[in-house]
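# Commentary on secondary and tertiary structure
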Amino acid sequence: MISVQGIGLKQGAFALHDVSFDVESGAYGVLMGRSGTGKTSLLEAVCGLRAIAAGRVIVGGEDVTGRKPAERGIGYVPQDGALFMTMNVRDNLAFALHVRRWTSVQITSRVDELAGLLGLGDLLDRDPAGLSGGETQRVALGRALAYHPHVLCLDEPFSALDDETRSEMYELMRSVRAATGCTALHVTHNLREAENLADVILRIDGGAVAAEAMA
Amino acid sequence: MKERSGIETHPHTVGSDKPFFGVMVALGSVYVLLVGAMLVADASFTTWDHIADALSRKEIRYAIWFSLLSCTLTTILALWAAIPIGYLLARFEFPGRGFLNALVDVPIVLPPLVIGISLLILFNTAPGRAFEDGVTPITYAIPSVIIAQFAVACAFAVRAMVSAFERTDPRREQVALTLGCTRSQAFFSVVLPEARSGVIAAAMLAWARALGEFGPILVFSGATRMKTEVLPTSVFLELSIGNVEAAVAISLLMVTMAVVVLLVTRWLGVRHIGS
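What follows concerns the overall build of chain A. When helices and strands are tallied, chain A shows six helices and ten strands. Rg of the C-alpha trace for chain A: 17 Å, near the compact-globule value of 17 Å for 215 residues, within the 12% margin. For chain A, the C-alpha atoms occupy an extent of roughly 45 × 40 × 35 Å along the three principal directions. Surface summary for chain A: the accessible area is close to 9200 Å², and the carbon and sulfur share equals 48%. Positive and negative side-chain charges in chain A, numbering 20 and 27 respectively, have mean positions lying 5 Å apart.

Written out as structure tokens, the structure is:
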């Protein structure tokens, strides 16, 4: 599960105080709010990419507040995918596994598994520069899932995609959830996206988060 | 034609863009023609005999090899310093950042002779003299040439590296951190490879700048033949004894070397970006 407890953070003139919310284990939480309400800042705080002034972040029952991003066990998918441009798709998918010193047999097996799950089989030797928006996000998702994180954080991952590709991505996300069972925190301002994916919608407004369970 | 508001409108027409481009080309060509004319003048003044004469002299051959060697060594040293400084300045806010940013630009704006004098004074202080006595002679010796070149060339390499790191997306580095990397692993596996065209540009700038360095070398290293003589020193020495033909021949050699380095690094840069 993800539990954000009384987080406070400050960035220039913008500040959030005492923000709390929970996403239960295996659930899909969608954090919604207007632009400038601090959705991305909160997500980055959960991932350890933004310093917090107060509060705690609990992931999978462990307090990860003081831990580096590398030690939190969170798969992160940013808005534009942010694929590593000097590596092909295969190396992007295998990146976290190389860092963890998996054997080449283990890496090949895991990359093939991810390629099957995300439909990337034909793209493995391609460079990121030649990929479409949907393909880029599928690779970014695979790269984040590669080392079996318990939690996935997605920051407006489908905002640059056309409607048809978005619908495909919703379907894909549902099959990824079924296959991995991971807990997700997904930032978006798109209501249709939230309705398609969320178990719980977390609305942030005026620094407070209100949870709304989906039927 | 009437719009819905009832206001009478006419089809909107615009004039030709030719005068705009004409002015741009005319203004720009002043500089381009000056540079071109300088090179043509050099080439027309020199004959193959002048170049052959210059190359036949052992002190000129020494200056060529010493220039090539010192510039390459300076470039390597400049990259070692410029890559970390450029990364820190481009990525992080820290106390003294503004001061550091201004300090690394000082060698760019200082008159070259002042840099030479400053180096001379530095190695005449107690710690400087202790270094020369205890480790190796610097002032008026071979290492002084590399230090003088480094003092200026590194500033240009730092500027190139700051803009190179600013162009790389910090988000990719953050992703690498969440995937299990330390800062060091993220830097060497993601950030630096993505900034490699910037590294090549910084190296090119540093090398070309070091090749042309003269003022600081004259003050800090002297102009001793077969010792601290680099190609700009050779031009100065030949001019000072009235041997203009040799000075121009050496100048053309420097132009050729600079153009070759420029073309090779451009080609390397394009190849890397293409790959």
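From this point, things continue past the structure.
What follows concerns helix α9 (residues 170–178) of chain B. Along α9(B), the residues classified as buried are B:Arg172, B:Glu173, B:Val175, B:Ala176, B:Leu177 and B:Thr178. Summarising the contacts, the buried residues of α9(B) are in contact with α1 (39–47), β6 (74–77), α2 (89–99) and α4 (133–145) of chain A together with α3 (58–91) and α10 (183–194) of chain B. With a side-chain oxygen lying 2.9 Å from the backbone nitrogen of B:Arg171, the N-terminal cap of α9(B) falls on B:Asp169.

Any space left empty among the atoms is revealed by the rolling of a water-sized probe across them. Residues and elements named next belong to chain B. Computed from the structure, the largest pocket encloses a volume of approximately 600 Å³. For the lining of the largest pocket, the element with the highest residue contribution is α9, accounting for five residues. Among the residues forming the lining of the largest pocket, the class breakdown is eight nonpolar, three polar and nine charged.

Residues and elements named next belong to chain B. With the rule as written, the count across this model stands at twelve aromatic pairs over all chains. Their ring planes at 65° and their centres at 6.5 Å tell us that Phe123 and Phe131 sit as a pair that is edge-to-face. Classification of Phe123 by relative accessible area gives buried; the value is 13%. Ring geometry for Phe123 and Phe220: centres 5.6 Å apart, planes at 35°, overall tilted. Of this pair, Phe123 sits in the loop between α6 (112–122) and α7 (126–134) while Phe220 sits in helix α12 (residues 215–221), placing them 97 residues apart in sequence.

Once that is clear, we can look at the sheet that holds strand β5 (residues 62–63) of chain A. All names here are of chain A. The four strands lie next to each other as β2-β1-β4-β5, forming an open sheet whose pairing is antiparallel. Of all strands in the sheet, those with a lone pairing partner are β2 (14–23) and β5, marking the two edges. Across two bridges, strand β4 (residues 54–59) lies against β5 in antiparallel orientation. Bridging from a neighbouring strand, Ile58 pairs with Asp63 of β5. Contacting β1 (2–11), β2 and β4, α1 crosses the sheet at an angle of about 115° to β1.

Bringing the side chain of B:Thr74 into the picture now. Take B:Thr74: it is sitting in helix α3. By relative accessible area, which is 0% here, B:Thr74 ends up buried.

Residues and elements named next belong to chain A. Strand order in the open sheet formed by six strands is β6-β7-β8-β3-β9-β10, with mixed pairing between adjacent strands. A single partner strand is all that each edge strand has here, and the edge strands are β6 and β10 (208–213). Sheet twist, expressed as the average angle between the axes of neighbouring strands with direction ignored, equals 20°.

The grouping of A:Asp162, A:Asp163, A:Glu164 and A:Glu168 at the surface amounts to a negative patch. In this fold, A:Glu168 is placed in helix α5 (residues 163–180).

Residue and element names in this part refer to chain A. Within the element layout of this structure, Gly12 appears in the loop between β1 and β2. What makes Gly12 exposed here is its relative accessible area of 58%. Sequence separation between Gly12 and Ile74 is 62 residues; the distance between their C-alpha atoms is 26 Å.

Residues and elements named next belong to chain B. Once the domains are mapped, chain B shows domain 1 (12–45) and domain 2 (48–274). Just the C-alpha atoms count here: the centres of domain 1 and domain 2 sit 31 Å apart. Between domain 1 and domain 2, the contact holds four residues from the first and six residues from the second. It is Leu39, Asp42 and Phe45 that lose the most area in domain 1 upon contact with domain 2, and together they represent 92% of the buried surface on that side. For the pair domain 1 and domain 2, the number of links is zero salt bridges. Our enumeration of links across domain 1 and domain 2 arrives at zero residue pairs in polar contact (both at pLDDT 80 or more).

Before going further, it helps to spend a moment on the side chain of B:Glu132. Residue and element names in this part refer to chain B. By the secondary structure assignment, Glu132 is in helix α7. Nearest to the buried, unbridged Glu132 among oppositely charged side chains is Arg129, at 8.4 Å. At 2.7 Å, the side chain of Glu132 and the backbone nitrogen of Ile138 are in polar contact. A distance of 2.7 Å separates the side chain of Glu132 from the side chain of Thr139, its partner in a polar contact. Beyond its immediate sequence surroundings of up to four residues, Glu132 is in contact with Phe123, Pro137, Ile138 and Thr139.

So, on to the pairing of β2(A). Residue and element names in this part refer to chain A. Direction of pairing for β1 relative to β2: antiparallel, over a ladder of seven bridges. From the neighbouring strand, Ile7 faces β2, where its bridge partner is Val19. In this structure, the hairpin formed by β1 and β2 is closed by a connection of two residues, where Gly12 is found at a positive phi of approximately 60°.

When you line up the elements, B:Thr178 lands in helix α9. Sequence separation between B:Thr178 and B:Ala37 is 141 residues, and the spatial gap between their C-alpha atoms is 56 Å. Those residues in contact with B:Thr178 that lie beyond four places of it in its chain are A:Cys47, A:Leu49, A:Pro69, A:Ile74, A:Tyr76 and A:Tyr147.

Conventions and cut-offs
- Residues numbered from 1 in each chain as written.
- Chains lettered and ligands numbered in written order.
- Predicted model: local features only at pLDDT ≥ 70, side-chain atom pairs only at ≥ 80, totals over all residues.
- Heavy atoms only, no water.
- Helix = DSSP H or I, 4+ residues; strand = E, 2+ residues; numbered from the N terminus.
- Rg over C-alpha atoms; globule rule 2.2 N^0.38 Å.
- Areas by Shrake-Rupley, 256 points an atom, 1.4 Å probe, with all protein chains shown as cover.
- Lys, Arg positive; Asp, Glu negative; His and termini not counted.
- Charge placed at Lys NZ, Arg CZ, Asp CG, Glu CD.
- Buried < 20%, exposed > 50% of the residue type's maximum accessible area, 1.4 Å probe, protein only.
- Contact = heavy atoms within 4.5 Å.
- Polar contact = N/O pair within 3.5 Å; in protein donor to acceptor, adjacent residues only side chain to side chain.
- 1 Å grid on protein atoms, 1.4 Å probe; cavity = no way out; pocket = protein on both sides within 12 Å on 5 of 7 lines; lining within 4 Å.
- Points joined across faces, edges and corners; volume = space filled by probe spheres on them.
- Nonpolar A, V, L, I, M, F, W, Y, C, P; charged D, E, K, R; others polar.
- Phe/Tyr/Trp six-rings, centres within 6.5 Å; stacked < 30°, edge-to-face > 60°.
- Pairing = 2+ DSSP bridges.
- Axes fitted to C-alpha atoms, helices over the stretch in contact; angles between N-to-C directions.
- Patch = residues over 30% accessible without salt bridge, like charges linked within 9 Å, V, L, I, M, F, W, Y side chains within 5 Å.
- Salt bridge = Lys/Arg side-chain N within 4 Å of Asp/Glu carboxyl O.
- Domains from an automatic or database assignment.
- Buried area = accessible area lost by both parts, 1.4 Å probe.

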